[in-house]
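A look at the structure
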Amino acid sequence: MTKTTTAPQSPRRYRPATELVHGGTIRSGFGETSEAMFLTQGFVYETAEAAEARFNGADPGFIYSRFSNPTVAMFEERMARLEGAEDARAVASGMAAVTSALLCMLKAGDHVVAPRAMFGSCLYVIEELLPRFGVASTIVDGTDLDAWRAAVRPETKAFFLESPTNPTLELVDIAAVAEIAKSAGATLIVDNVFATALHQSPLELGADVVIYSATKHIDGQGRCLGGVILSSKKWIADHLHNFLRQTGPSMSPFNAWVLLKALETFPLRVERQTATAARLADHLAGQHGIARVIYPGRPDHPQADLVARQMRAGSSLIAFELEGGKEAAFAFSNALRLIRISNNLGDAKSLITHPQTTTHQRLSEEARQALGIGGGLLRLSVGLEDVQDLIEDIDAGIAAAGVAAGRPRVAKAG
Ligand SMILES: *Cc1c(COP(=O)(O)O)cnc(C)c1O
């Protein structure tokens, strides 16, 4: 059996759907069809000389599963082929990916720039955790390119952003921010969870590092946590590899196996979820009691031009605001029978979130206002159900929200 401790040996050979079925497979001597799950902590060596060669790098085999395991390596290579990245490392969760990507390259005295509109835990890492270790940060409006430029200092080492953002599906112009990062000598790290690798390629837009929570669309079936960091071989060798090896936020081989098999159906799932989301966004936009629908892919998205330039397709997420505030939003959510209330996303099951009282509860009311997170805002993660069943569920939610907002019942549009 041949193997390596690092992910990609070659760039993508086939188109993504093909790589997601075959890419990175390492077959053992048994010639198994489906990828094997190597639940082993360590590896044995035939001789003392063989152990020495493994440790001094003359033989690039596996040493210890904290930093190298065949099942995890298969997942890493498959992800690298999907992204078109030179190299990848898998970690225990999306937040392990965010934290590791930042900590591995920063030191006291450095400075980071990031937008306010960000996944809540990412904001914690940048605004609260990094400053404890002497890394300063400036939080900007991500859509304001002048604000990015003005935030740059001589000691700025990293830019961090997500696009589309959680939960209001606002875009950041990745290519433009990448230019600013380049002239500042800063590394641009993009959290690409909401767009997915299928619909947006930050590395092609000029980013240096891409991270994912594999917990979301990559698993897509609500089972395992996971995270991935993708970049050049050089960045991973210079910054990330040793950090992960010595600190150990490792992905379990069991989770890697689940995620590896999930990648085989990843394009089928994401395409279907996106197509259904587009239909639901259009349906919602025509209803009484819906103040606004934010969906990248609709012509009324505030940044429709940027969506067209930067993304290959829309999103499996929809944000919408109900007239009648929190009361209407709660009535809507409570009336749903099929769509479940949950803070997760990217799942086969459609899930609804009220950001103000859950994922963004920690923020001040002022900060939420600045992000457009009001009481009436809901975020819908679209699953794999039949679109007609979802429409019927949503209609029940709209009717209940209307009653809560004191509106007389109206005949259903369409
Ligand atoms: C979920 C998520 C994360 C964190 O991922 P976990 O796997 O839950 O740790 C980071 N960024 C974004 C945009 C996410 O949606």
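Rules of the game
- Every chain's residues receive numbers from 1 upward, in the order its sequence appears when written.
- Given that this is a predicted model, residues contribute local features only at a pLDDT of at least 70 and side-chain atom pairs are listed and counted only at 80 or more, while totals for whole chains, interfaces and linings are drawn from all residues.
- The basis for every side-chain value is the complete set of heavy atoms in the structure, and neither hydrogens nor water enter the calculation.
- Here a cavity means grid points, on a 1 Å grid over the protein atoms only, where a 1.4 Å probe fits yet cannot get out; a pocket means an open set of points with protein on both sides within 12 Å along at least five of seven lines; lining residues are those with an atom within 4 Å of a point.
- Grid points are joined across faces, edges and corners, and a volume is the space filled by probe spheres set on the points.
- Put simply, Ala, Val, Leu, Ile, Met, Phe, Trp, Tyr, Cys and Pro go in the nonpolar bin, Asp, Glu, Lys and Arg in the charged bin, and everything else, Gly too, in the polar bin.
- Per the annotation, domain bounds derive from an automatic or database assignment of domains.
- Computed with a 1.4 Å rolling probe, the buried area is the accessible surface lost when two parts are put together, summed over both parts.
- Within this document, salt bridges are pairs made up of a side-chain nitrogen of Lys or Arg and a carboxyl oxygen of Asp or Glu, the two lying within 4 Å of each other.
- Any residue with at least one heavy atom within 4 Å of a molecule or strand is counted as near it.
- Polar contacts, as counted here, are pairs of nitrogen or oxygen atoms within 3.5 Å of one another; within protein the pair requires one atom able to donate a hydrogen and one able to accept it, and residues that are adjacent in sequence qualify only if both atoms are side-chain atoms.
- Surface accessibility follows the Shrake-Rupley procedure with a 1.4 Å probe radius. Residue values consider only the protein chains on display as shielding.
- For two strands to be treated as a pair, DSSP must find no fewer than two bridges joining them.
- Comment: elements are numbered from the N terminus, with helices defined as DSSP H or I runs of at least four residues and strands as E runs of at least two.
- Between N-to-C directions, angles span 0 to 180 degrees; the directions come from axes that are lines fitted to C-alpha atoms, helices contributing only their stretch in contact.
- Working rule for contacts: check all heavy atoms of both residues, and any pair within 4.5 Å makes them a contact.
- Each Phe, Tyr or Trp ring (for Trp, its six-membered ring) is paired with any other whose centre lies within 6.5 Å, and the angle between the two planes then decides the class: stacked below 30 degrees, edge-to-face above 60, tilted in between.
- Burial status follows relative accessibility: with a 1.4 Å probe on protein chains alone, a residue under 20% of its type maximum counts as buried, one over 50% as exposed, and anything between as partly exposed.

1. So, the layout of surface pockets
Of the pockets and cavities examined, the largest pocket occupies roughly 360 Å³. Along its surface, the largest pocket is lined by 22 residues, and Met-95, Phe-119, Ser-213, Lys-216 and Asn-344 are the ones closest to its centre. Among the residues forming the lining of the largest pocket, the class breakdown is ten nonpolar, eight polar and four charged.

2. Here we look at the domain arrangement of the protein
Domain assignment breaks the protein into domain 1 (14-263) and domain 2 (267-404). On a C-alpha basis, the centroid separation for the pair domain 1 and domain 2 is 28 Å. The contact between domain 1 and domain 2 buries some 3100 Å² in all, and 58% of this surface belongs to carbon and sulfur atoms. At the surface where domain 1 touches domain 2, the tally comes to two salt bridges. Residue Arg-362 pairs with Glu-128 through a salt bridge whose shortest N-O separation is 3.2 Å.

3. Side note on the site of the ligand
As a structural note, the neighbourhood of the ligand is formed by 13 residues, with Gly-94, Asp-191, Ser-213, Thr-215 and Lys-216 the closest of them. A distance of 2.8 Å is found between an oxygen atom of the ligand and a backbone nitrogen or oxygen belonging to Gly-94. Contact between the ligand and Met-95: an oxygen atom at 2.8 Å from a main-chain N or O atom of the residue. Relative to its free-state accessible area of 380 Å², the ligand is covered by the protein chains to the extent of 91%. Across the shell around the ligand, the residue classes break down as five nonpolar, five polar and three charged.

4. Brief notes about the sheet that holds strand β1 (residues 87-91)
Backbone hydrogen bonds are what pair the strands of a sheet, in a parallel or an antiparallel way. The seven strands are arranged β1-β7-β6-β5-β4-β2-β3 in an open sheet whose pairing can be described as mixed. For this open sheet the edge positions go to β1 and β3 (136-140), each flanked by a neighbour on one side alone. Strand-to-strand twist in this sheet, taken as the mean axis angle between neighbours without regard to direction, amounts to 20°. In terms of strand pairing, strand β5 (residues 187-191) meets strand β6 (residues 209-213) through three bridges, oriented parallel. Bridge pairing in β6 links Asp-191 to Ile-211. This element, helix α5 (residues 120-132), spans β2 (111-115), β3, β4 (156-162) and β5 of the sheet and lies at about 145° to β3.

5. Quick notes on the packing of aromatic side chains
Pairs of aromatic rings are described using the distance from one ring centre to the other and the angle between the two planes. Taken as a whole, this structure holds four aromatic pairs when the rule is applied. Where Tyr-45 meets Phe-55, the ring centres are 6.5 Å apart and the plane angle is 70°; that geometry is what we call edge-to-face. Of this pair, Tyr-45 sits in the loop between α1 (16-22) and α2 (48-56) while Phe-55 sits in helix α2, placing them ten residues apart in sequence. On the accessibility criterion, Tyr-45 (24% relative accessible area) is partly exposed. Centroid distance Trp-148 to Phe-159: 5.0 Å. Interplanar angle 35°. Geometry classified as tilted. Separated by eleven residues along the polypeptide, Trp-148 in helix α6 (residues 145-151) and Phe-159 in strand β4 bring together distant segments of the chain. The pair formed by Trp-148 and Phe-159 is uniform in burial state, with each residue classed as buried.

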